[in-house]
Amino acid sequence: MASDQTAPDQTAPDQYVFSDPTTRYPRISPPEQHQDEPGLQSRMTPVPDLGEDSYRGTGRLTGRRALITGADSGIGAAVAIAFAREGADVALSYLPAEQSDADHVVEQIEAAGRRALPLPGDIRTSEFCRLLVADAVEGLGGLDIVVNVAGKQIVQERLEDLSDEQFEATFQTNVFAMFWIIKAALPHLSAGSTIINTASLEAYTPAPMRIDYATTKGAINNFSKGLAQQLAPRGIRVNVVAPGPTWSALQVTDGVPTEELPEFGSETPLGRAGQPAELAPAYVFLASPESSFVLGTTLTVTGGMPTP
Ligand code: NAD
Ligand code: MG
């Protein structure tokens, strides 16, 4: 079952090619599979598509310097590759156990002719988050874009089974780290800079077995809408991307029950899960000056799953 490869198992035409969204990617039916957190995307079946063979850059982020968390795999990795192809240098945050996934993304960024700065470490402490930002600023020579994508999602059927430790760790990873990273980055961000956080469909429709996770996603939305208003006069824009079911390592590391994996994403109106590559353009839009009048918004990329 384990493929241990870095190339995606499916690909698509580039994002500017006219195509039918129901079939742009195949309807996957992943076999039951399990890895311990945080998991390696290269060992998934099928391997998610980060846009390696499809994302086409057009210079929309030329000369920008971005820090992206969760940049080794899934949505964060697709964003890192897209940003590099749009002309940005990228500092990548991820856990040390994910080094091999990160190496693949670093290769892609360097192949695009941009700088990749790998910064492994655990974002669940304020000390590390401050160090992460300082290293990114030093390594990239400044910072214009901060993208918080890292997230923790573990199912627990009953509230009684949701340990205090998990509840705390989910908030540390999804909410506290976002706060610590943005707070440390702000002194370095000039007018024109952009901050993008990652919520979820579950900010609006919480799954009963992901109480802690869904609550953090509601908090991320709310935090971002408040902060967007606070930072607007300084010319710094804050926005959110809320993904729907997207095939990534999160699902095979207890993010959804293993027996539900073969059906993953089939509930969307498009009838299929999204691929990380399909999330990247939303982040590119919110990071670039073309969205200059867009702030405090949540761009939902859910395959049609409705949100308020
Ligand atoms: P993913 O597993 O590929 O990415 C999550 C990343 O979070 C990991 O690669 C890891 O590097 C990082 N991370 C987790 N704990 C960390 C820690 N303590 N320190 C440092 N890094 C840590 O999965 P993904 O689906 O690409 O997830 C990215 C984001 O998208 C998450 O915030 C997730 O909640 C959100 N999201 C995903 C889906 C989906 O269906 N995949 C849906 C809605 C929202
Ligand atoms: Mg990962």
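Residues numbered from 1 in each chain as written. Chains lettered and ligands numbered in written order. Predicted model: local features only at pLDDT ≥ 70, side-chain atom pairs only at ≥ 80, totals over all residues. Heavy atoms only, no water.

1. Things to note about the coordination of the magnesium ion (ligand 2)
Defined as follows: Here a donor is any nitrogen, oxygen or sulfur atom (N, O, S) within 2.8 Å of the metal, with 3.2 Å used for Na, K and Ca; water is not among the atoms considered, so some sites may look incomplete. Numbered from the N terminus, helices here are DSSP runs of H or I no shorter than four residues, and strands are runs of E no shorter than two. Buried means the residue's accessible area, taken with a 1.4 Å probe over protein chains only, is under 20% of the maximum for its type, while exposed means over 50%, and partly exposed covers the values in between.
Every protein donor of the magnesium ion (ligand 2) is accounted for by Asp72 (OD), Ser73 (OG) and Glu98 (OE), and the metal-donor separations fall at 2.1 to 2.2 Å. Sequence spacing of the donors to the magnesium ion (ligand 2): D-S-x24-E. Placement of serine 73 in the loop between β1 (65-69) and α1 (74-85) and of glutamate 98 in the loop between β2 (89-94) and α2 (99-111) is noted, with a sequence separation of 25 residues between them. For the pair formed by serine 73 and glutamate 98, the shared burial category is buried.

2. With respect to the pattern of salt bridges
In plain terms, the rule: Salt bridges are defined as contacts in which a side-chain nitrogen from Lys or Arg sits within 4 Å of a carboxyl oxygen from Asp or Glu.
The final tally for this structure, using the stated rule, is 12 salt bridges. Of the charged contacts in the structure, one is a salt bridge between aspartate 144 and arginine 65, with a shortest N-O distance of 3.0 Å. In this pair, aspartate 144 is assigned in the loop between α3 (126-140) and β4 (145-148) and arginine 65 in strand β1, connecting sequence segments 79 residues apart. A relative accessible area of 9% means that aspartate 144 is categorised as buried. Residues arginine 114 and aspartate 89 are paired through a salt bridge, measuring 3.2 Å at the closest nitrogen-oxygen approach. Linking arginine 114 in the loop between α2 and β3 (116-120) with aspartate 89 in strand β2, this pair joins segments that are 25 residues apart in sequence. Aspartate 89 gets classed as buried once you look at its relative accessible area, which sits at 15%. Connected through shared salt-bridge partners, Arg60, Glu86 and Glu290 make up one network.

3. Considerations on the nonpolar core
Stated precisely, the cut-off is as follows: For the purposes of this section, nonpolar cores are sets of buried Ala, Val, Leu, Ile, Met, Phe, Trp, Tyr and Cys residues that join through side-chain atoms within 4.5 Å. Note on definitions: a residue-residue contact is assigned when non-hydrogen atoms from the two residues lie within 4.5 Å.
Counting residues in each nonpolar core, the largest one holds 36 residues, and the members touching the most others are Ile68, Phe83, Leu92 and Tyr283. Broken down by secondary-structure element, the contributors of at least two residues to this core are β1, α1, β2, α2, β4 and α7 (280-287). Per-element tally for this core: the top contributor is α1, with 9 residues. Residues in contact with phenylalanine 83, not counting those within four places in the same chain, are Leu61, Ala66, Ile68, Ala88, Val90, Ile145, Val147, Tyr283, Val284 and Ala287. Core analysis: the second largest hydrophobic core is formed by 35 residues, Leu132, Val133, Ala177 and Val240 among them.

4. Details of the layout of surface pockets
Note the following rule: Whether a set of points on the 1 Å grid over the protein atoms alone is a cavity depends on a 1.4 Å probe fitting there but being unable to get out, while an open set qualifies as a pocket with protein on both sides within 12 Å along at least five of seven lines; lining residues are those with an atom within 4 Å of a point. Grid points are joined across faces, edges and corners, and a volume is the space filled by probe spheres set on the points. Only Asp, Glu, Lys and Arg are considered charged in this grouping, and only Ala, Val, Leu, Ile, Met, Phe, Trp, Tyr, Cys and Pro are considered nonpolar; every other residue, Gly among them, is considered polar.
Space inside the largest pocket adds up to approximately 1,100 Å³. If you trace the largest pocket, you find 50 residues lining it, with Gly151, Gln153, Tyr213, Ser248 and Leu250 closest to the centre. Every element with two or more residues in the lining of the largest pocket is listed here: α1, β2, α5 (211-231) and α6 (249-255). In terms of residue count, α6 provides more of the lining of the largest pocket than any other element does, 4 residues in total. Counted by class, the lining of the largest pocket contains 20 nonpolar, 18 polar and 12 charged residues. Forming the boundary of the second largest pocket are 18 residues, of which Arg24, Glu278, Leu279, Val301 and Gly303 lie nearest the centre.

5. Brief notes about the sheet that holds strand β5 (residues 194-198)
Heads up, the condition is: Strand pairing is assigned whenever DSSP identifies at least 2 bridges connecting the two strands. Axes, fitted as lines to C-alpha atoms, cover a helix only where it is in contact. Angles between the N-to-C directions of the axes lie from 0 to 180 degrees.
Spatial ordering of the open sheet is given by β3-β2-β1-β4-β5-β6-β7, a layout of 7 strands whose pairing is parallel. On the outer flanks of this sheet lie β3 and β7 (298-301), each paired with one strand and no other. Shown here is a sheet whose adjacent strand axes are inclined to one another by a mean of 15 degrees, direction ignored. Pairing of β2 with β3 involves 5 bridges; the strand directions are parallel. From the neighbouring strand, tyrosine 94 faces β3, where its bridge partner is proline 120. Helix α4 (residues 164-185) contacts β1, β4 and β5 of the sheet and is inclined by roughly 175 degrees relative to β4. α7 rests against β4, β5, β6 (237-243) and β7 of the sheet, and its axis sits at about 170 degrees to β6.

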